Amino acid sequence: MNSIAAYMMAHLWEEFIQNSFKINLGMNLLNGLGVSLEPLVLGSLTLLAYWLILYWMPEEVFIRI
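This section reports on the structure supplied with the text.

Time to look at the overall build of the chain. When its secondary structure is counted, the chain shows four helices and zero strands. Across the chain, helices and strands are ordered from the amino to the carboxyl terminus as α-α-α-α. Per-residue burial for the chain yields a buried fraction of 23% across its 65 residues. Sequence-distant contacts in the chain: of pairs separated by 6 or more residues, those separated by 24 or more amount to 65%. Approximately 5300 Å² of the chain is accessible, and the part contributed by carbon and sulfur atoms is 66%.

Take a look at the structure:
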């Protein structure tokens, strides 16, 4: 995995991915374990989305500066 791509995703896509989960899954599903655990559930789903995107990326893709 490319560490630069992971860093850029974490800082540029975080709000977009979290808002997408809130809109598409709904707050009832995110609060299913309780309101106090909603940040943990949302953070876990966001981390899973990052991991799936980075796992899907071919190893040959490198961002060169």
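Scanning the model with the defined rule gives one aromatic pair in all. Here the aromatic rings of W51 and Y55 are separated by 5.0 Å at their centres, their planes lie at 15°, and the arrangement is stacked. Pair noted here: W51 and Y55 are both in helix α4 (residues 38-56), with a separation of four residues, about one helical turn.

Further remarks concern the packing of helix α2 (residues 14-25) against α4. Where α2 meets α4, the closest approach of the two axes is 10 Å, and the angle between their N-to-C directions is 115°. Every pair of crossing elements has a handedness; the one defined by α2 and α4 is right-handed. Contacts between α2 and α4 involve E14, I17, Q18, F21, K22 and L25 from the first element and E38, L42, L45, T46, A49 and Y50 from the second. Here the contact of α2 with α4 is composed, by residue class, of seven nonpolar, two polar and three charged.

Cut-off values and rules
- Residues numbered from 1 in each chain as written.
- Predicted model: local features only at pLDDT ≥ 70, side-chain atom pairs only at ≥ 80, totals over all residues.
- Heavy atoms only, no water.
- Helix = DSSP H or I, 4+ residues; strand = E, 2+ residues; numbered from the N terminus.
- Buried < 20%, exposed > 50% of the residue type's maximum accessible area, 1.4 Å probe, protein only.
- Contact = heavy atoms within 4.5 Å.
- Areas by Shrake-Rupley, 256 points an atom, 1.4 Å probe, with all protein chains shown as cover.
- Phe/Tyr/Trp six-rings, centres within 6.5 Å; stacked < 30°, edge-to-face > 60°.
- Axes fitted to C-alpha atoms, helices over the stretch in contact; angles between N-to-C directions.
- Left-handed = near helix turned anticlockwise from the far one by under 90°.
- Nonpolar A, V, L, I, M, F, W, Y, C, P; charged D, E, K, R; others polar.

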